[in-house]
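Next come the chains, spelled out residue by residue.
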Amino acid sequence: MIDLRKISTTDLLDELVSCIDLDPDNCPPDIIDAVVERISDEYLQTPERILAEKAIEAQREQLIEFMRREDTKILVAFSGGKDSVVMALYLMDLGIPPERIELHHQEVDGKGEQLFDWATTTQYCQAFADHFGFPIYFSYREGGIVREALKGVAGHPNISGDYFFQTEPGGEFQRHKFGGQPKARGMWPSVAMDLSVRWCSAFVKIDVMGTMLRNTKRLQNKDIVVCTGERHLESELRETYTEINPYGQKLIKKRKTISWRPILTWSHQEVWDYMKKHNVQPHPAYMLGWGRCSCQTCIYGQKEAWASIMDLNPEKIARIAELEIQMNFTMYDNKTIYDKLENGSSWVTDKSDYWKKQATENFDAPIVVENWTMPPGANNMENCGAD
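Residues numbered from 1 in each chain as written. Predicted model: local features only at pLDDT ≥ 70, side-chain atom pairs only at ≥ 80, totals over all residues. Heavy atoms only, no water.

Description of helix H5 (residues 82-93)
Under the convention used in this document: Secondary structure elements are taken from DSSP: a helix is a run of H or I of four residues or more, a strand is a run of E of two residues or more, and numbering for both begins at the N terminus. One fewer than the residue count of a helix, multiplied by 1.5 Å, yields its expected span. Between buried and exposed lies partly exposed: a residue is buried under 20% and exposed over 50% of the maximum accessible area for its type, with that area taken using a 1.4 Å probe on protein chains only.
Compared with the 16 Å implied by 1.5 Å per residue over 12 residues, the 16 Å span of H5 between its first and last C-alpha is a close match. Of the positions making up H5, those classed as buried are Lys-82, Asp-83, Ser-84, Val-85, Val-86, Met-87, Ala-88, Leu-89, Tyr-90, Leu-91 and Met-92. Looking one or two residues beyond H5, the residue adopting positive phi is Gly-95, at roughly 100°.

What follows is the structure, encoded as structure tokens:
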């Protein structure tokens, strides 16, 4: 009896051909299975083989072919900002059917107090997904940024919120208990590269996405590619990012997940040109003068951004000021939020009431427009928010 695992691929194929020649209807299943397994091992792309490739062009080409396989799961971290929108469109243009491209949006206010997020971002994300046929999943950390900031402050719990995520588009939210220890915080996230102090991104986005991925049954034992929209030109830290990596620290046997930044090397203009190519309506924030879109009340906002929020949502400024007093901790060193916006020039004073309502009340604008024009915020390079 020949040990099929020990013979060469050439000899294995010869065995198969001999069997077919002798009796094509009764070729032994073990020989067929051995050939399929061997060819899969040697010629099909695997996460290990892709990550071992040294040349980025070849690595990217192999990854795209890997993603075109129907059994590969494709997840897109989707904020609704221009980079995530363009990234989803780019994947579709690679020939991947939109129904295979999952959009995953993390709600930063965590179904709690609506303070950091734009009021209509989830509506915009849903409208974009519906128009192009992308399935979209929502997730959040209970109480969002506000709960985490108030952790341990008198009258507030001193443990981080649980995780909630959808397991099917439009479905119920599954709860995953936070397993950490109680620990007071009582402060805002800091303007810093270190995610342990600029904890907002880690706690309400990155950690939520990772928890969803680890605890969703339909993703278990699957090959997965997680796509994110960072670009080199956005910051000094992002200049150091590489394009293709294991998701997290390493591949694990239970779930082999690759992280891909498809538009890492794209310029600002290339992103807007791609959105124009598809005539996609940008998020209302861009129509009001913001150059980036994620948190409306982003800690990276400068005085102009805060002055604009004061015009648009003065109640948010008042609430942040109230929380600063409650925590005895200002968002900026030695400056209250009112100090921060002082002398800032608002972007929204000359903008239409239509786009103000689309941003703050209800988004029902068309996702695709006939006469696409560059939004007012396109050339605003202020470093706030995240795409």
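Considering the packing of aromatic side chains
This is how it is decided: Between rings of Phe, Tyr and Trp, where Trp is taken as its six-membered ring, a pair exists when centres lie within 6.5 Å; planes separated by under 30 degrees are stacked, by over 60 edge-to-face, and by other angles tilted.
A full pass over the atoms with the stated rule returns 20 aromatic pairs. Their ring planes at 70° and their centres at 5.3 Å tell us that Tyr-124 and Phe-363 sit as a pair that is edge-to-face. You can see Tyr-124 sitting in helix H6 (residues 121-132) and its partner Phe-363 sitting in the segment after helix H14 (353-360), a full 239 residues away along the chain. By the burial criterion, Tyr-124 is buried, and Phe-363 matches it. Relative to Tyr-332, the ring of Trp-306 lies with its centre 6.4 Å away and its plane at 80°, an arrangement referred to as edge-to-face. Placement of Trp-306 in helix H11 (residues 303-312) and of Tyr-332 in the loop between helix H12 (314-327) and helix H13 (337-341) is noted, with a sequence separation of 26 residues between them.

Focus on the pairing of strand E2 (residues 101-107)
For clarity, the threshold we go by: Two strands are counted as paired when DSSP detects at least two bridges linking them. By the criterion used throughout, a crossover qualifies as right-handed when its path from the first strand across the helix to the second strand runs clockwise, the strands pointing away from the viewer.
Across the 7 residues of E2, 7 count as buried, placing the element largely inside the fold. The pairing of strand E1 (residues 73-77) with E2 spans 4 bridges and is classified as parallel. Counted as the bridge partner of Ala-77 is His-104 from E2. In this region the chain leaves E1, passes through H5 and returns to the parallel neighbour E2; the handedness of that crossover is right-handed.

Structural notes on the packing of H5 against H6
To describe two helices that pack against each other, one gives the angle between their axes and the distance between the axes. The following threshold applies: Comment: axis = line fitted to C-alpha atoms, over the contacting stretch for helices; angle = value between 0 and 180 degrees taken between N-to-C directions. Just so you know how the angles are binned, under 35 degrees is roughly parallel, over 145 roughly antiparallel, 65 to 115 roughly perpendicular, and the rest oblique. Helix crossings are classified by the rotation of the near helix relative to the far one: an anticlockwise turn of less than a right angle makes the crossing left-handed, while a clockwise turn makes it right-handed. Between two residues, a contact is recorded if the distance between any of their heavy atoms is within 4.5 Å. When residue character is reported, Ala, Val, Leu, Ile, Met, Phe, Trp, Tyr, Cys and Pro are called nonpolar, Asp, Glu, Lys and Arg charged, and the others, Gly included, polar.
Contact pair H5 / H6: the axes reach a minimum separation of 12 Å and the direction vectors enclose 15°. Classified by the interaxial angle, the pair formed by H5 and H6 is roughly parallel. Regarding H5 and H6, the two cross each other, and that crossing is right-handed. Residues Val-85, Ala-88, Leu-89 and Met-92 of H5 pack against Tyr-124, Phe-128 and Phe-132 of H6. When the residues that make up the contact of H5 with H6 are grouped by side-chain class, the tally is 7 nonpolar, no polar and no charged.

A few points about the sheet that holds strand E5 (residues 173-176)
In space, the 8 strands of this open sheet follow the order E5-E4-E3-E2-E1-E6-E8-E7, with mixed pairing throughout. With one partner strand each, in any of the chains shown, E5 and strand E7 (244-246) form the two edges of the open sheet. The sheet shows a mean angle of 25° between the axes of neighbouring strands, direction not considered.

Details of the pairing of strand E4 (residues 163-166)
Every other side chain in a regular strand lies on the same face of the sheet, so the side chains alternate between the two faces. Of the two faces of E4, both are covered, the one formed by Tyr-163 and Phe-165 as well as the one formed by Phe-164 and Gln-166. Across 4 bridges, E4 lies against E5 in antiparallel orientation. The residue of E5 that forms the bridge with Tyr-163 is His-176. Linking two consecutive strands that pair antiparallel, namely E4 and E5, is a turn of 6 residues; a positive phi of about 75° is found at Gly-170 within it.

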